Amino acid sequence: MENRTTATAPAGRAGGDAPGPRTPFLGRHGVRRVERLCYVTGAALIASGLVHLVVLLVDGGSWDGPVSWRKPVTFGLSFGLTLIAVVWVSSYLRMGARARTVLLGLFAADCVLEVAGITVQAWRHVPSHFNMETAFDTGVSMTLAVGGAGLVAVLATLSAAAFLRRPGGPPGMALALRAGCGILVVGLLSGAAMIARGVYLTRTGHQLAGYASTASLKPLHGISLHAVLVLPVLSRLLAMTSWSPHTRVSVVRAAAGCYAAAVAAALVWAVAAY
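Since the model is a prediction, treat every value here as computed from it, not as a measurement.

1. Let's talk about the overall build of the protein
At step 1: Each helix and strand in the protein was counted, giving nine helices and zero strands.
At step 2: The linear arrangement of helices and strands in the protein, starting from the amino end, is α-α-α-α-α-α-α-α-α.
At step 3: Relative to its full complement of 274 residues, the protein shows a buried share of 48%.
At step 4: In the protein, once contacts between residues fewer than 6 apart in sequence are set aside, the share between residues at least 24 apart is 74%.

2. Focus on the packing of aromatic side chains
At step 1: Applying the stated criterion across every chain yields a total of three aromatic pairs.
At step 2: Ring centres of Trp 88 and Tyr 92 lie 5.8 Å apart, and the angle between their planes is 85°; this geometry places the pair in the edge-to-face category. Each member of the pair Trp 88 and Tyr 92 is classed as buried.

3. Considerations on the nonpolar core
At step 1: The biggest cluster of nonpolar side chains holds 32 residues, and the ones touching the most others in it are Cys 38, Leu 83, Leu 93, Phe 107, Cys 111 and Leu 158.
At step 2: Looking at this core, the elements with two or more residues in it are helix 1 (33-59), helix 2 (70-90), helix 3 (97-123), helix 4 (135-164) and helix 5 (173-203).
At step 3: Within the second largest apolar cluster, nine residues are counted, among which are Ile 183, Tyr 259, Val 263 and Ala 270.

4. A look at the packing of helix 2 against helix 8 (residues 227-238)
At step 1: Look at helix 2 against helix 8: their axes get within 10 Å of each other, and the N-to-C directions meet at 50°. Of the possible angle classes, the one that applies to helix 2 and helix 8 is oblique. Considering only the axes of helix 2 and helix 8, their crossing is left-handed. In this structure, helix 2 contributes Ala 85, Trp 88 and Val 89 to the contact, and helix 8 contributes Val 228, Leu 229, Pro 232, Val 233 and Arg 236.
At step 2: Classifying every residue of the contact of helix 2 with helix 8 by side-chain character gives seven nonpolar, no polar and one charged.

5. Details of helix 9 (residues 245-273)
Helical geometry: 3.6 residues make up each α-helical turn, so side chains three or four residues apart lie on a common side.
At step 1: End to end, helix 9 covers 42 Å across 29 residues, agreeing with the expected 42 Å (1.5 Å per residue, within 8%).
At step 2: Regarding helix 9, the residues found buried are Pro 245, Arg 248, Val 249, Val 252, Ala 255, Ala 256, Tyr 259, Val 263, Ala 266 and Ala 270.

6. Observations regarding the environment of Ser 159
At step 1: Take Ser 159: it is sitting in helix 4.
At step 2: Residue classification places Ser 159 among the buried residues on the basis of a relative accessible area of 4%.
At step 3: Along the sequence, Ser 159 and Gly 180 sit 21 residues apart, while their C-alpha atoms lie 8.8 Å from each other.
At step 4: What Ser 159 contacts, discounting residues up to four positions off in sequence, is Cys 181, Leu 184 and Val 185.

7. Some remarks on the pattern of salt bridges
At step 1: Under the definition given, this model contains two salt bridges.
At step 2: In this structure, the salt-bridge partner of Asp 137 is Arg 124, at a minimum N-O distance of 2.6 Å. Taken as a pair, Asp 137 in helix 4 and Arg 124 in the loop between helix 3 and helix 4 lie far apart in primary sequence, 13 residues in all.
At step 3: The exposure class of Asp 137 is buried, given its relative accessible area of 4%.

8. What to know about the environment of Arg 100
At step 1: As for its placement among the helices and strands, Arg 100 is situated in helix 3.
At step 2: Side-chain polar atoms of Arg 100 contact the side chain of Ser 90, separated by 3.0 Å.

9. Comments concerning helix 7 (residues 218-225)
At step 1: Buried within helix 7 are the following residues: Leu 220, Ser 224 and Leu 225. Buried positions in helix 7, seen along its axis, are confined to an arc of 115° and lie on one side of it.

10. Things to note about a nonpolar patch on the surface
At step 1: Together, Leu 50, Leu 53, Val 54, Leu 57, Val 58 and Trp 63 give the surface a local cluster of nonpolar side chains, amounting to about 610 Å² of exposed area.
At step 2: Position of Leu 57 relative to the elements: it lies in helix 1.
At step 3: With relative accessibility at 67%, the residue Leu 57 sits in the exposed group.

11. Some points on unusual backbone geometry
At step 1: Unlike most non-glycine residues, His 125 shows phi in positive territory, near 60°.
At step 2: Mapped onto the secondary structure, His 125 falls in the loop between helix 3 and helix 4.

Rules of the game
- Residues numbered from 1 in each chain as written.
- Predicted model: local features only at pLDDT ≥ 70, side-chain atom pairs only at ≥ 80, totals over all residues.
- Heavy atoms only, no water.
- Helix = DSSP H or I, 4+ residues; strand = E, 2+ residues; numbered from the N terminus.
- Buried < 20%, exposed > 50% of the residue type's maximum accessible area, 1.4 Å probe, protein only.
- Contact = heavy atoms within 4.5 Å.
- Phe/Tyr/Trp six-rings, centres within 6.5 Å; stacked < 30°, edge-to-face > 60°.
- Core = buried A, V, L, I, M, F, W, Y, C linked by side-chain atoms within 4.5 Å.
- Axes fitted to C-alpha atoms, helices over the stretch in contact; angles between N-to-C directions.
- Parallel < 35°, antiparallel > 145°, perpendicular 65-115°, else oblique.
- Left-handed = near helix turned anticlockwise from the far one by under 90°.
- Nonpolar A, V, L, I, M, F, W, Y, C, P; charged D, E, K, R; others polar.
- Expected span 1.5 Å × (residues − 1).
- Salt bridge = Lys/Arg side-chain N within 4 Å of Asp/Glu carboxyl O.
- Polar contact = N/O pair within 3.5 Å; in protein donor to acceptor, adjacent residues only side chain to side chain.
- Arc of directions from axis to C-beta.
- Patch = residues over 30% accessible without salt bridge, like charges linked within 9 Å, V, L, I, M, F, W, Y side chains within 5 Å.
- Areas by Shrake-Rupley, 256 points an atom, 1.4 Å probe, with all protein chains shown as cover.

In structure tokens form, the structure reads like this:
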């Protein structure tokens, strides 16, 4: 297995195609053990979401509300995709191999913890978040809240790495990663706001209001989280075309602008509906 001391190949000049790191699109040679484990874990989380989609279709029930099969479906799919995306895009970041291994391991464990807690509560037919009815429910709810804080810490660290040192990859990848990470921070802040508001209302005796308080922020949270996947994938696909580096960077810049506009619209809606 290739022994890499840094996470990326050199970024190269704007006018040339610098060789990027090995990715899921280019084969699995050189993918380190932690990456392989994270990819398998992400696939398992996606499979869990799909299984619970079948359960929803068979068992029925509402798509909305704090007690719904929707939650293990959406969280399984979202966390699985996010984990795979984070592992892939982190390979373009210039950071030490040991630090990257630790961060990815923590992130994967946290993703499993979040989806497991939500799934267990779905099968118990009780709310997973802001549920303080019993000691067990309180433990699950607080574990999810602490786990959310851990996710924020890991993703914030990876995002900082994208801005501290220019990421590697083909033309447009650095822009895609930095834009995706910047938008990701908005998603992290909106998620933290949802947790803080819900926990506060629940702790002060307004549990139903705690559940309802997250509704206006959900679109902003969901849209923002996946920019770090969409924009780098676009850059990677553009690298397969015959377009000039300048054109590819321009397309990524336009896509980042459109994505930022969608996030801004979701933020306006969240403020108006709050």
